[in-house]
Amino acid sequence: MTLLNLSDEERSSKHLRAVLSVDDQGREILYGLSRAQSEWMIDYQRLYPVPLRKQHPSTEERQIYVRLYEKHNLARLYR
């Protein structure tokens, strides 16, 4: 299995919230997202941590994040 690039703390948190899955190619992903989308979400969350935002995402980045966040959470609800 090809794991996502997560710290031990990030991986532990994601396991507790049951957000990780494995795609049909054996790659770790966030539920409902492709590998590329999962990596983008993780990078976004690192760059713009809540509530300690020192930088602010562009409108386009925020729209992409919201779309992926909703897709991910719907997949978790209906798995």
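Right, let's walk through the structure included here.

Cut-offs and rules
Residues numbered from 1 in each chain as written. Predicted model: local features only at pLDDT ≥ 70, side-chain atom pairs only at ≥ 80, totals over all residues. Heavy atoms only, no water. Helix = DSSP H or I, 4+ residues; strand = E, 2+ residues; numbered from the N terminus. Rg over C-alpha atoms; globule rule 2.2 N^0.38 Å. Buried < 20%, exposed > 50% of the residue type's maximum accessible area, 1.4 Å probe, protein only. Areas by Shrake-Rupley, 256 points an atom, 1.4 Å probe, with all protein chains shown as cover. Core = buried A, V, L, I, M, F, W, Y, C linked by side-chain atoms within 4.5 Å. Contact = heavy atoms within 4.5 Å. Lys, Arg positive; Asp, Glu negative; His and termini not counted. Salt bridge = Lys/Arg side-chain N within 4 Å of Asp/Glu carboxyl O. 1 Å grid on protein atoms, 1.4 Å probe; cavity = no way out; pocket = protein on both sides within 12 Å on 5 of 7 lines; lining within 4 Å. Points joined across faces, edges and corners; volume = space filled by probe spheres on them.

1. Here's the deal with the overall build of the chain
(1) Moving on: Helix and strand counts for the chain come out as three helices and two strands.
(2) Moving on: In terms of overall dimensions, the chain is globule-like: its C-alpha atoms have a radius of gyration of 13 Å, near the 12 Å expected for 79 residues.
(3) Moving on: In the chain, which comprises 79 residues, the share counted as buried stands at 29%.
(4) Moving on: Just so you have it, the chain exposes about 5600 Å², and 52% of that area is on carbon and sulfur atoms.

2. Here we look at the nonpolar core
(1) Moving on: If you look at the biggest cluster of nonpolar residues, it comprises twelve residues: Leu-4, Leu-6, Val-19, Leu-20, Leu-30, Leu-33, Met-41, Ile-42, Tyr-44, Tyr-48, Tyr-65 and Leu-68.
(2) Moving on: Breaking this core down by element, the ones donating at least two residues are helix H2 (35-47) and helix H3 (59-77).
(3) Moving on: Not counting residues within four places of it along the chain, the set of residues in contact with Tyr-65 comprises Trp-40, Met-41, Tyr-44 and Gln-45.

3. Quick notes on the side chain of Lys-14
(1) Moving on: Among the secondary structure elements, Lys-14 is positioned in helix H1 (residues 8-16).
(2) Moving on: Buried within the structure, Lys-14 lacks any salt-bridge partner; Glu-10 is the closest side chain of opposite charge, at an N-O distance of 6.3 Å.
(3) Moving on: Aside from chain neighbours lying at most four places away, what touches Lys-14 is Leu-6, Val-19, Leu-20, Leu-30, Ile-42 and Gln-45.

4. Here's the deal with the environment of Tyr-65
(1) Moving on: Note that Tyr-65 resides in helix H3.
(2) Moving on: It is 9.1 Å that separates the C-alpha atoms of Tyr-65 and Gln-45, two residues lying 20 residues apart in sequence.

5. Some points on the layout of surface pockets
One way to see where empty space is left: roll a probe the size of a water molecule over the atoms.
(1) Moving on: In this structure, the largest pocket spans a volume of roughly 440 Å³.
(2) Moving on: Taken together, 23 residues line the largest pocket, and the ones lying closest to its centre are Ser-13, Lys-14, Arg-17, Gln-45 and Tyr-65.
(3) Moving on: Looking at the lining of the largest pocket, the elements with two or more residues in it are H1, H2 and H3.

In short, shape yes, function no, at least from these values alone.
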